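Now for the letters of each chain:
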Amino acid sequence: MATNVDRQGPQSPAPHRPPVWARAAGIGVPVAAVTILVALKPEIVRGTFSSAQSMLRVGAVVAGWVAFSWCMRRVVSNPFVRTAVIAVPATVLLWMNVAPYFEDDVKVTGRFPERVGAAGGTSVPSASPPVRLSTGRFRGLDGHRGSGEASVFRQPGGSHVVAFGDLSVSSVPDPVVYLVPGADREGIEGAVRLGRFEPGRDSYEIPPGFDVDRPLTVMIWCQRFSVPVAGASQSPA
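Just so it is clear, the structure is predicted and the values come from calculations on it, not from any experiment. (Residues numbered from 1 in each chain as written. Predicted model: local features only at pLDDT ≥ 70, side-chain atom pairs only at ≥ 80, totals over all residues. Heavy atoms only, no water.)

A. Representation of the overall build of the protein within the structure. A tally of regular secondary structure across the protein gives 5 helices and 12 strands. Put simply, 64% of the contacts in the protein that link residues at least 6 apart link residues at least 24 apart. For the protein, the accessible area works out to roughly 13100 Å², and carbon and sulfur atoms hold 62% of it. (Helix = DSSP H or I, 4+ residues; strand = E, 2+ residues; numbered from the N terminus. Contact = heavy atoms within 4.5 Å. Areas by Shrake-Rupley, 256 points an atom, 1.4 Å probe, with all protein chains shown as cover.)

B. Broad picture of the side chain of S170. Following the sequence through the fold, S170 ends up in the loop between strand 6 (160-169) and strand 7 (175-181). Relative accessible area serves as the criterion here: at 4%, S170 is assigned to the buried category. A distance of 2.7 Å separates the side chain of S170 from the backbone nitrogen of R145, its partner in a polar contact. For S170, the residues in contact, after removing those within four places along its chain, are D105, H144, R145 and V229. (Buried < 20%, exposed > 50% of the residue type's maximum accessible area, 1.4 Å probe, protein only. Polar contact = N/O pair within 3.5 Å; in protein donor to acceptor, adjacent residues only side chain to side chain.)

C. Summary view of the pattern of salt bridges. Taken as a whole and judged by the stated rule, the model has 6 salt bridges. We note a salt bridge from R137 to E149, for which the minimum N-O separation is 3.9 Å. Residue R137 is located in strand 4 (residues 131-140), and its partner E149 is located in strand 5 (residues 146-154); the two are separated by 12 residues in the primary sequence. For the salt bridge of E189 with R185, the shortest nitrogen-to-oxygen distance reads 3.1 Å. (Salt bridge = Lys/Arg side-chain N within 4 Å of Asp/Glu carboxyl O.)

D. Representation of the pairing of strand 11 (residues 227-233) in the model. Counting buried residues along strand 11, 7 of its 7 residues qualify, which places the element largely inside the surrounding structure. As defined by bridge partners, strand 4 adjoins strand 11 across 3 bridges and the pair is classed as antiparallel. Opposite R139, over in strand 11, you have G231 as the bridge partner. Note that strand 10 (residues 216-222) and strand 11 share 6 bridges and pair antiparallel. Counterpart to W221 in the pairing with strand 11 is P228. (Pairing = 2+ DSSP bridges.)

E. Seen up close, the packing of aromatic side chains. Applying the stated criterion to the full structure yields 3 aromatic pairs. Pairing F164 with F197 gives two aromatic rings, centres 6.1 Å apart and planes at 70°, and the pair type is edge-to-face. Linking F164 in strand 6 with F197 in the loop between strand 8 (192-196) and strand 9 (203-206), this pair joins segments that are 33 residues apart in sequence. Here F164 matches F197 in class, with each residue buried. For the pair F164 and Y204, a centre-to-centre distance of 5.6 Å together with 55° between the ring planes defines the contact as tilted. Residue F164 is located in strand 6, and its partner Y204 is located in strand 9; the two are separated by 40 residues in the primary sequence. Using a relative accessible area of 0% as the deciding quantity, one classes Y204 as buried. Aromatic rings pair up to connect F138, F164, F197 and Y204 into one cluster. (Phe/Tyr/Trp six-rings, centres within 6.5 Å; stacked < 30°, edge-to-face > 60°.)

F. Fine view of the environment of E186. Tracing the backbone shows E186 in the loop between strand 7 and strand 8. In this structure, the C-alpha to C-alpha distance between E186 and V227, residues 41 residues apart in sequence, is 8.4 Å. Beyond its immediate stretch of four places on either side in the chain, E186 contacts R139, L141, M219, W221 and P228. Polar contacts involving the side chain of E186 include one to the side chain of R139, which spans 3.4 Å.

G. Highlighting the nonpolar core. Ranked by internal contacts, the top residues of the largest apolar core, which has 28 residues, are F138, F164, L179, F197 and V218. Going through the elements one at a time, strand 1 (106-108), strand 5, strand 6, strand 7, strand 8, strand 9, strand 10 and strand 11 are the ones with two or more residues in this core. Not counting chain neighbours up to four residues away, the residues in contact with V218 comprise F138, A150, V162, F164, V177, Y178, L179, A230, G231, A232 and Q234. Core analysis: the second largest hydrophobic core is formed by 6 residues, V176, V180, M219 and W221 among them. (Core = buried A, V, L, I, M, F, W, Y, C linked by side-chain atoms within 4.5 Å.)

H. Here's a closer look at the environment of V161. Note on placement: V161 falls in strand 6. In this structure V161 comes out as buried when scored by relative accessible area, which is 2%. Along the backbone, V161 and L194 are 33 residues apart, and their C-alpha atoms lie at a distance of 9.3 Å.

I. Structural context of the environment of G140. The topology assignment puts G140 in strand 4. G140 gets classed as partly exposed once you look at its relative accessible area, which sits at 31%. Distance in space between the C-alpha atoms of G140 and G231 is 6.7 Å, their sequence separation being 91 residues. Sequence-distant contacts of G140, that is, excluding residues within four places in its chain, are made with R145, G146, V229 and A230.

Here it is in structure tokens:
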């Protein structure tokens, strides 16, 4: 007489599950990393969730990491190797994005209006000094630090520049200088891009045709996370 086991046929082996420590590490390491970042640099989290574009970018990175982890669990059988293969790229990617936040503030010591700012930020003497049209003090935005001064100058040849004086702002990834229409702005709608923000560069040329005879805000913007870093609303000089 056939037994129940004989009728059912050979039993398939139970699917292999990773050990508890591997599953805990897969969840605990990212949670611990984010918790440490929140405690040390809360501006990173505020910046990440302050714009839809930034959240979409972070969401795409997280989705890619989850898909990569899922693939590795089926390709790499050794739990030690699998955990390392998953954790190392995630750690490197995270650090590449947040490392600038842990650097010292970026400082620019400009001396205006005794000079004319060239396109590359070099001070060039002139018998006819530039005319300051407007000026304003920087303030930090979205949890970032910002101090110093920004002014709009008309040069002797008729062109215009934005110049910085004693500027100090938080270090962020991919910083860019914008000139935004309107006072006390915190976005870059309708703005003109003046160039990448560089330590030591104290002036940026304004493209011809941009109307400088109106309320303006000089903005330092984090391009990677699409968030403001510091803004200087301009007032007539």
